[in-house]
Amino acid sequence: MEIHIQLTTERITEHLPPPSAALGAWGEFRGVVRGEENGATIAALEYEAYQPMAEREIRRLLTELSTAQPCLAARVIHRLGIVPVGEAAIYVGIAGRHRAEAFALLTAFMDRLKRDVPIWKRRAVTNLNVIEDRTPNASGHPKSGSVSAHSASEVVTLLRELCQPLATERVALAESNGRVLREAVCALEDQPSFDRSSVDGYAVRQDDAGTSFVVVDELRAGDWRPRALQPGEAVRIATGGALPGDGLQVVMKEDVRVEPGKVLVLKRDGDRNIRFRGEDAKCGQILVSAGTVLRHGTLGLLASLGCVQPLVTRLPRVLHLATGNEIVSPDQFPKHGQIRDSNSTLVQAFLSQWNIIPEQRRVAEDAPAIQSAMSHQLSEIDLLLISGGASVGEHDFTRRLLAEAGFVIHVSKTTARPGKPLIVAQRGGTLAFGLPGNPLAHFVCLNLYVRAALESWSGQFQRTDFAAGELTEDLAAGGNARESFWPARWHLTDGAVRLAPSRWQSSGDLTALAGANAIIRVRAETKQLPRGSRVEFMNTEGIG
Ligand code: AMP
Ligand code: MG
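Worth saying up front: this structure is predicted, and the values here are computed from it rather than measured.

### Some thoughts on the overall build of the protein
Scanning the protein from N- to C-terminus turns up eight helices and 38 strands. Here the protein, with 544 residues, has 48% of them falling under the buried criterion. Considering only contacts in the protein between residues 6 or more positions apart, those separated by 24 or more positions represent 72%. Summed over all atoms, the accessible surface of the protein reaches about 25,900 Å², with 51% contributed by carbon and sulfur. With 61 positive and 62 negative side-chain charges, the protein shows a spacing of 2 Å between the two charge centroids.

Here you go:
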């Protein structure tokens with residue numbers, strides 16, 4: 001049975017093609033979110049899943065159930081994230097030879113889905129305009145607006161809730177590298193769309209056991225000249241050439257001897273050397289799912305399907321302000337007491353991984369200067385990044401200025417280091433980060449938090465997460481009471497991920513960034529991690 005599974009944060013399309021192009025009967029089921037949950041009126045339900053496991057279980061379940069109810073094909077789409085009332089959370093389409101089997105499999109599958117598949121209702125949302133910060137503080141109240149410290153993972157969870165996928169646009173294939181596809185792309189015809197030779201050779205009738213053939217035609221790739229081959233006839237055909245008819249076999253040219261006007265077959269096995277129509281994919285089959293980050297391989301596939309204007313997520317508009325009286329442009333020679341602005345370059349290069357080109361300015365540490373730079377087109381900006389001035393020193397204005405500009409402050413500090421002072425604020429569709437000025441904190445905060453916001457906005461299916469690796473040397477973590485994020489360099493040795501932690505003296509130590517391509521998470525109170533310890537790390541160069 002053909003099985004197509006899609007777990008998506010996208011709205012489920014109203015009209016889907018049958019799950020199989022084969023003839024027969026097909027039935028579909030849509031589970032729509034109702035406006036009531038446990039007696040209360042709701043606006044939406046939020047679904048969560050262990051994604052790879054959920055997909056595996058759905059496949060296993062369908063395979064198991066189809067032994068009793070043999071069917072041709074099944075398509076299951078489950079929506080994840082926030083699903084508003086009235087919209088479908090699940091779609092199941094089953095195609096069978098007869099309707100009784102299709103319906104029986106549909107019913108059996110729906111009965112088992114809830115029990116066996118790790119997809120669950122996380123919570124009911126009562127007001128879609130207010131997706132509240134539900135992380136309670138010590139007194140059990142939501143922290144929104146408060147100054148209590150958040151853990152790094154709490155900040156990431158909050159950002160994923162605040163940043164729902166941005167609107168979509170159609171762009172040319174050449175511009176869509178690295179962008180996130182927002183609609184499933186199906187095969188509009190069988191792939192390949194005609195029977196074609198996979199070798200250079202001679203097409204003969206498969207039922208013709210003779211060894212001497214008269215060559216009656218020659219077909220190159222691109223030619224199309226159908227003919228009914230007679231016994232004893234062969235057509236010379238090139239790789240990729242369209243077969244002239246059905247019931248043929250192509251004998252490789254290496255296995256024949258060419259004589260004037262004929263060929264003698266020296267060797268012939270059962271291999272037909274044909275790529276048959278529909279062998280790679282059937283018409284209607286989903287080939288690239290919504291949420292896929294488009295890269296060169298996938299883009300090549302889209303081109304082959306004629307999908308030349310893919311629907312992708314629009315890019316966020318970003319304004320970055322580097323604040324500080326001490327910073328000068330990197331091409332200037334700093335006076336005593338001044339330093340070169342490295343954060344603007346760091347931010348710009350970080351964002352360019354998503355093709356985002358920020359607007360960037362250097363501003364003095366002075367309220368009116370920052371205010372005027374900030375107010376500039378603020379409502380047209382999705383992301384405001386302010387480097388420096390995030391802590392609570394006398395000259396650290398970021399928090400106050402954001403609050404005065406009407407931003408709701410969600411986070412003011414974290415329990416992680418580096419990046420203790422960190423501001424996350426929101427005003428309408430604009431998200432703002434106040435990032436502590438030192439470049440190492442920038443490296444960590446951009447990768448931990450800004451990345452989470454960008455990935456969430458992009459609607460990409462897979463999120464960058466922590467993976468496991470092994471330390472190549474001791475890591476003296478110093479028993480710090482705070483969770484630490486340590487720059488490191490990962491590499492593969494004998495198929496295993498090894499991590500060399502960077503040496504850093506203080507959070508202002510930029511030399512630690514030389515060659516850093518990872519961040520190691522070190523739990524609070526860890527004193528020493530000996531060489532060979534397994535640690536969690538994030539690949540900071542791994543997008544999509
Ligand atoms: P702040 O968060 O403004 O208190 O800055 C913390 C540290 O980071 C100070 O030592 C600053 O000089 C340094 N810093 C701030 N902005 C930058 C920048 N754009 N480039 C490099 N260092 C910076
Ligand atoms: Mg400063």
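More follows now that the structure is in view.
### As for the pairing of strand β34 (residues 483–493)
When a strand is regular, its side chains alternate between the sheet's two faces. In this structure, strand β29 (residues 416–417) lies alongside β34, joined through two bridges in parallel fashion. Directly across from Ala416, in β34, lies its bridge partner Glu483. Pairing geometry for β34 and strand β36 (residues 518–522), over five bridges, is antiparallel. Within β36, the position partnered with Pro487 by the bridge is Ile519. By the bridge criterion, six bridges tie β34 to strand β35 (residues 496–501) in an arrangement that is antiparallel. When the bridges of β35 are listed, Leu492 appears paired with Val497. Connecting β34 to the antiparallel partner β35 that follows it, the hairpin turn spans two residues, and Asp494 within it adopts a positive phi of roughly 50 degrees.

### Let's talk about the packing of helix α5 (residues 343–352) against helix α8 (residues 439–458)
Running from amino to carboxyl end, α5 crosses α8 at an angle of 30 degrees, the nearest separation of the two axes being 11 Å. In this view, α5 runs roughly parallel relative to α8, as classed from their interaxial angle. When the axes of α5 and α8 are compared, the crossing they make is right-handed. Facing α5, whose interface residues are Asn343, Leu346, Val347, Phe350 and Leu351, α8 presents Pro439, His442, Phe443, Leu446, Asn447, Val450, Arg451 and Leu454. Partitioned by chemical class, the residues of the contact of α5 with α8 number nine nonpolar, three polar and one charged.

### Thoughts on the sheet that holds strand β18 (residues 256–259)
Read across the sheet, six strands follow the order β17-β14-β16-β15-β19-β18 without closing on themselves; strand pairing throughout is mixed. The open sheet is flanked by β17 (248–252) and β18, the only strands paired with a single partner. Taken over all neighbouring pairs, the strand axes of this sheet differ in orientation by 40 degrees on average, direction set aside. As defined by bridge partners, strand β14 (residues 201–205) adjoins strand β16 (residues 233–237) across three bridges and the pair is classed as antiparallel. The residue bridging Ala203 from the neighbouring strand is Val235, located in β16.

### Re the domain arrangement of the protein
Partitioning the protein into structural domains gives domain 1 (2–148), domain 2 (168–190 + 280–313), domain 3 (196–275), domain 4 (318–458) and domain 5 (467–539). Computed over C-alpha atoms only, the centres of domain 2 and domain 4 are separated by 35 Å.

### Considerations on the pattern of salt bridges
For the structure shown, the criterion picks out 26 salt bridges. Among the ionic pairs, Arg60 bridges to Glu64, the shortest N-O distance being 3.0 Å. Taken together, the residues span about one helical turn, with Arg60 and Glu64 both in helix α1 (residues 51–68) at a distance of four residues. A residue is classified by how much of its surface remains accessible, and Arg60, at 37% relative accessible area, is partly exposed. As a salt-bridge pair, Arg503 and Glu473 come within 2.7 Å of each other at their nearest N and O atoms. One end of the pair, Arg503, is in the loop between β35 and β36; the other, Glu473, is in the loop between β32 (467–471) and β33 (475–476), and 30 residues separate them in sequence.

### Focus on the confidence of the model for the protein
On average, residues of the protein carry a pLDDT of 90, and 95% of them reach 70 or more. Confidence drops under pLDDT 50 across residues 131–146; counting only partners more than four residues distant or on other chains, this segment forms 35 contacts.

### Digging into the site of ligand 1
Taken together, 15 residues lie around ligand 1, and Glu326, Asp341, Gly389, Gly437 and Asn438 are the ones closest in. Here Ser342 contributes a backbone N or O atom positioned 3.1 Å from a nitrogen atom of ligand 1. Protein contact buries 75% of the 490 Å² of open area that ligand 1 shows by itself. Taken together, the residues that form the shell around ligand 1 break down as four nonpolar, seven polar and four charged.

### Overview of the sheet that holds strand β23 (residues 318–323)
With mixed pairing, seven strands are arranged side by side in an open sheet as β10-β28-β30-β31-β27-β23-β26. Edge positions in the sheet fall to β10 (149–150) and β26 (359–363), since each of these pairs with one other strand and no more. As judged from the five bridges shared by β23 and β26, these two strands associate in the parallel manner. Following the sheet pairing, Leu319 is matched in β26 by Glu359. Packing against the sheet, α5 makes contact with β23, β26 and β27 (383–387), and its axis sits at approximately 160 degrees to β23. On top of the sheet, helix α6 (residues 367–375) reaches β23, β26 and β27; it is set at about 170 degrees to β23, its chief contact.

### Notes on the packing of aromatic side chains
Enumeration over the complete set of coordinates arrives at three aromatic pairs. Ring centres 6.2 Å apart and planes at 40 degrees place the aromatic pair Phe466 and Phe485 in the tilted group. Taken together, the residues Phe466 in the loop between α8 and β32 and Phe485 in strand β34 connect sequence positions 19 residues apart. The class for Phe466 is buried, based on a relative accessible area of 19%. For Phe485, a relative accessible area of 1% gives the class buried.

### Quick look at the nonpolar core
Of all hydrophobic cores here, the largest spans 56 residues; its most connected members are Leu431, Phe433, Tyr449 and Ile520. In terms of residues, this core owes the most to one element, α8, which gives twelve residues. Each of domain 4 (318–458) and domain 5 (467–539) contributes no fewer than three residues to this core. Among the nonpolar cores identified, the runner-up in size contains 29 residues, and Ala49, Leu61, Ala74 and Leu106 belong to it.

Reading the values: rules and limits
Throughout, residues of each chain are indexed from 1 in the direction in which the sequence is written. Think of it this way: whatever chain is written first is A, whatever ligand is written first is 1, and the rest follow in order. Residue-level local features of this predicted model are given only where pLDDT is at least 70; pairs of side-chain atoms are given and counted only at 80 or more, and the full residue set underlies all totals for whole chains, interfaces and linings. Excluded from the side-chain calculations are hydrogens and water; all other atoms, namely the structure's heavy atoms, are used. By definition, any uninterrupted DSSP run of H or I lasting at least four residues is a helix, any uninterrupted run of E lasting at least two residues is a strand, and each is numbered from the N terminus. Partly exposed residues are those whose accessible area sits between 20% and 50% of the maximum for their type, while under 20% is buried and over 50% is exposed, using a 1.4 Å probe and protein chains only. In what follows, residue pairs with any heavy atoms lying within 4.5 Å of each other are defined as contacts. Each accessible area value is a Shrake-Rupley result obtained with a 1.4 Å probe; residue values ignore everything except the protein chains displayed when judging cover. In this count, Lys and Arg are taken as positive residues and Asp and Glu as negative ones, while His and the chain termini are left out. The atoms used to mark charge sites are NZ of Lys, CZ of Arg, CG of Asp and CD of Glu. Each pair of strands is called paired provided DSSP finds at least two bridges between the two strands. Axis angles are defined between N-to-C directions and span 0 to 180 degrees, where every axis is a line fitted to C-alpha atoms and, for a helix, only to the segment in contact. Just so you know how the angles are binned, under 35 degrees is roughly parallel, over 145 roughly antiparallel, 65 to 115 roughly perpendicular, and the rest oblique. By convention, the crossing between two helices is left-handed when the near helix turns anticlockwise from the far helix through less than a right angle, and right-handed when the turn is clockwise. Ten residue types, Ala, Val, Leu, Ile, Met, Phe, Trp, Tyr, Cys and Pro, are classed as nonpolar, four, Asp, Glu, Lys and Arg, as charged, and the remainder, Gly among them, as polar. An automatic or database domain assignment supplies the residue ranges for each domain. The salt bridge definition used is simple: a Lys or Arg side-chain nitrogen within 4 Å of an Asp or Glu carboxyl oxygen. For every residue, the predictor reports its confidence as pLDDT, a number between 0 and 100. In these notes, residues near a molecule or strand are those with any non-hydrogen atom within 4 Å of it. Two N or O atoms count as a polar contact when they lie within 3.5 Å, although within protein this holds only if one can serve as hydrogen donor and the other as acceptor, and sequence-adjacent residues are included solely when both atoms are side-chain atoms. Whether two aromatic rings pair depends on their centres lying within 6.5 Å, for rings of Phe, Tyr and Trp, where Trp uses its six-membered ring; planes under 30 degrees apart make the pair stacked, over 60 edge-to-face, and the rest tilted. Here, nonpolar core means buried Ala, Val, Leu, Ile, Met, Phe, Trp, Tyr and Cys residues that are tied together by side-chain atoms lying within 4.5 Å of each other.

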